[in-house]
Amino acid sequence: MATLSIPPDPNPDSDSNLPIETPTPTPPLLEEATETEPEPDPESRPDQEPTSPTSPSPPGSPSAENPNPSSQQIQTAPPPLPNSTTASSQPPALLHLSFNQDYGCFAVGTSTGFMVYNCDPFRGIINRDFEGGGVKVVEMLFRCNLLALVGGGPTPAFPQNKVMIWDDHQTRCIGELSFRTEVRSVRLRRDRVIVVLDQKIFVYNFVDFKIVHQIETAPNPRGLCAVSQHQGQLILVCPGGQKGQVRIEHYGARRTKFIMAHDSRIACLVLSQDGRLVASASTKGTLVRIFSTFDGTLLQEVRRGADRAEIYSVAFSRNMQWLAVSSDKGTVHVFSLKINMGSTPNDKPRPAPEPSVPNVTPALSFIKGVLPKYFHSEWSVAQFRLREGSQYIVAFGDQKNTIVIVGMDGSFYRCQFDPATGGEMMQLECHNFLKQEA
């Protein structure tokens, strides 16, 4: 199991007036989660790869959860101290972009630290400079003061095999998880920490950092993994053990489902907020497929284009009526989802019934089997053109029928699409966040 280490407060008398939007400074927010999963039986529990096992308590948790604190391996080396703004006049190199769980904020990892921005209205919230130390992963927990950081770039702020738990109210790391190999990505819930390595995924309780599951995957250099955010159920999706396979873990039901989603390797995975739908794309980048996580049924297939592309981002709308996709082709696509979600959250999603069409005459009935598949594929309803070759991530905005686009070139766009007429989206605003001061 990984070790959690708690460095001392380097400046206990300092106050942080950072405007991050949560009233409590530490784990009380995390302890609000009501979901608990039964622990695996000792025989079925997987071997734990990372460093020597400990079961530490995070700051603020009662000492009763750790009756023998002297047995923990505590490291006392403090992390680099941040400045509130970037020291250099030159904009730092971007290493990472990601939205938070409700798409209201986005986080930026740079060669000198990290930043957090609010999407609507657009404004900077956090700018932490580590005096030349890079951060390649910044995982937010909604708008909580706790973030997960992983060092990266030419001069990493932290070792790349460690997940640092950062408390922005205290402007310091309050703990770390150490591994034997490089960390590819991190996912957070209010009750879980998920760490993705090249071929393994570790799931921990957030309250006591006790490991609850270990998953073997196919090589996963992109760190693909997604987790549901609704309380009361925990669903995790990740690459399976075979090329093109998606693995779905239902922790509440203690059930695992495998889907052969694509012929090529998985390039992108995303879950709907409630965990009922999963969308996947392969390295070929022409199709996005939407499956039910309940039973693995293919519900819909949409086509980005006919030529190969690298898909960077896929996002569901909150009402699960729309799907947005970005790729290296420079166009963001919005697709209409034709899925019957049922009347309650427990209903099984089903494909919407096909609209009735006139019967095709026998003389033309052979055409459907002869024409290439893309002639009868489902194409996007709306599009927004961007610079080709740059990397963009996409999400749905707070306002109706709006899209938020963030690019590795420092660009921020908010646009609107017309669900009735479709076509080109209307740009509502555009900013360069590298020139903004948080």
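Criteria and thresholds
Residues numbered from 1 in each chain as written. Predicted model: local features only at pLDDT ≥ 70, side-chain atom pairs only at ≥ 80, totals over all residues. Heavy atoms only, no water. UniProt positions renumbered as here; feature names shortened; annotations may be inferred. Pairing = 2+ DSSP bridges. Helix = DSSP H or I, 4+ residues; strand = E, 2+ residues; numbered from the N terminus. Axes fitted to C-alpha atoms, helices over the stretch in contact; angles between N-to-C directions. Salt bridge = Lys/Arg side-chain N within 4 Å of Asp/Glu carboxyl O. Buried < 20%, exposed > 50% of the residue type's maximum accessible area, 1.4 Å probe, protein only. Disulfide = S-S within 2.5 Å. pLDDT = per-residue confidence, 0-100. Contact = heavy atoms within 4.5 Å. Phe/Tyr/Trp six-rings, centres within 6.5 Å; stacked < 30°, edge-to-face > 60°.

- Per an unreviewed UniProt entry, the protein chain is named WD repeat domain phosphoinositide-interacting protein 3, and its organism is Rhynchospora pubera.
- Taken from UniProt, the Subcellular location (unreviewed entry) comment for the protein chain reads in full: "Preautophagosomal structure membrane".
- The UniProt entry for the protein chain carries the following text under Sequence similarities (unreviewed entry): "Belongs to the WD repeat PROPPIN family."

Some details on the sheet that holds strand β6 (residues 146-151)
Piece 1. An order of β5-β6-β7-β8 is seen for the four strands of this open sheet, with the pairing classed as antiparallel. Where the open sheet ends on each side, the last strands, each with one partner, are β5 (135-140) and β8 (172-178). On average, adjacent strands in this sheet sit at an angle of 25 degrees to one another, irrespective of strand direction.

Observations concerning the pattern of salt bridges
Piece 1. Within this structure, the stated rule accounts for 19 salt bridges.
Piece 2. Measuring nitrogen to oxygen at the nearest pair gives 2.6 Å for the salt bridge that ties Asp198 to Arg184. Taken together, the positions of Asp198 in the loop between β10 (192-196) and β11 (200-205) and Arg184 in the loop between β8 and β9 (185-188) put the pair 14 residues apart, joining distant regions of the chain.
Piece 3. Taking relative accessible area as the criterion, Asp198 reaches 27% and is therefore assigned partly exposed.
Piece 4. As a salt-bridge pair, Arg318 and Asp398 come within 3.1 Å of each other at their nearest N and O atoms. Linking Arg318 in the loop between β21 (311-316) and β22 (322-327) with Asp398 in the loop between β27 (392-396) and β28 (402-407), this pair joins segments that are 80 residues apart in sequence.

A word on the state of the cysteines
Piece 1. Tallied over the entire structure, the rule returns zero disulfides.
Piece 2. No disulfide involves Cys119; its sulfur sits 6.4 Å from the nearest other cysteine sulfur, which is in Cys105.
Piece 3. For Cys119, a relative accessible area of 2% corresponds to the buried category.

Notes on the confidence of the model for the protein chain
Piece 1. Across the protein chain, the average pLDDT comes to 77, with 70% of residues at or above 70.
Piece 2. Low confidence marks residues 3-81, where pLDDT is under 50. Its contacts with residues over four positions away, or in another chain, come to 165 contacts.
Piece 3. Note that pLDDT drops below 50 for residues 84-88; the model gives that stretch eight contacts with residues more than four away or on any other chain.

Remarks on the pairing of β22
Piece 1. For β22, the buried fraction is high: six of the six residues fall into the buried class.
Piece 2. Across the two faces of β22 the burial is the same, with Trp322, Ala324 and Ser326 and Leu323, Val325 and Ser327 all buried.
Piece 3. Summarising the sheet, β21 and β22 pair through five bridges and their orientation is antiparallel. Within the sheet, the bridge partner assigned to Ser313 lies in β22 and is Ser326.
Piece 4. Count of turn residues in the β21/β22 antiparallel hairpin: five residues, of which Met320 carries a positive phi of about 60 degrees.
Piece 5. For β22 and strand β23 (residues 331-336), the ladder comprises four bridges, and the chain directions are antiparallel. What sits directly across from Ala324, in β23, is Val334.

Side note on the packing of aromatic side chains
The relation between two aromatic rings is expressed through the spacing of the ring centres and the mutual angle of the planes.
Piece 1. What the rule picks out here adds up to 19 aromatic pairs.
Piece 2. Aromatic side chains Tyr117 and Phe433 sit 5.5 Å apart centroid to centroid with 50 degrees between the ring planes, which places their arrangement in the tilted category. Taken as a pair, Tyr117 in strand β3 (residues 113-118) and Phe433 in the segment after β31 (426-432) lie far apart in primary sequence, 316 residues in all. Residue Tyr117 shares its accessibility class with Phe433, and that shared class is buried.
Piece 3. Arranged with centres 6.5 Å apart and planes meeting at 75 degrees, the rings of Phe396 and Phe417 form a pair that is edge-to-face. Taken together, the residues span a long stretch of sequence, with Phe396 in strand β27 and Phe417 in the loop between β29 (411-416) and β30 (423-424) at a distance of 21 residues.
Piece 4. Members of the aromatic cluster, joined through ring pairs, are Phe99, Tyr103, Phe106, Tyr117, Phe122, Phe412 and Phe433.

Quick notes on the sheet that holds strand β2 (residues 105-110)
Piece 1. Here four strands make up an open sheet; going across it, the order is β1-β2-β3-β4 and the pairing antiparallel. What marks the edges here is a single partner per strand, and that holds for β1 (94-99) and β4 (123-129). When strand polarity is set aside, the average angle formed by the axes of neighbouring strands in this sheet is 15 degrees.
Piece 2. Of the pairings in the sheet, the one linking β1 to β2 comprises five bridges and is antiparallel in character. Counterpart to Ser98 in the pairing with β2 is Ala107.

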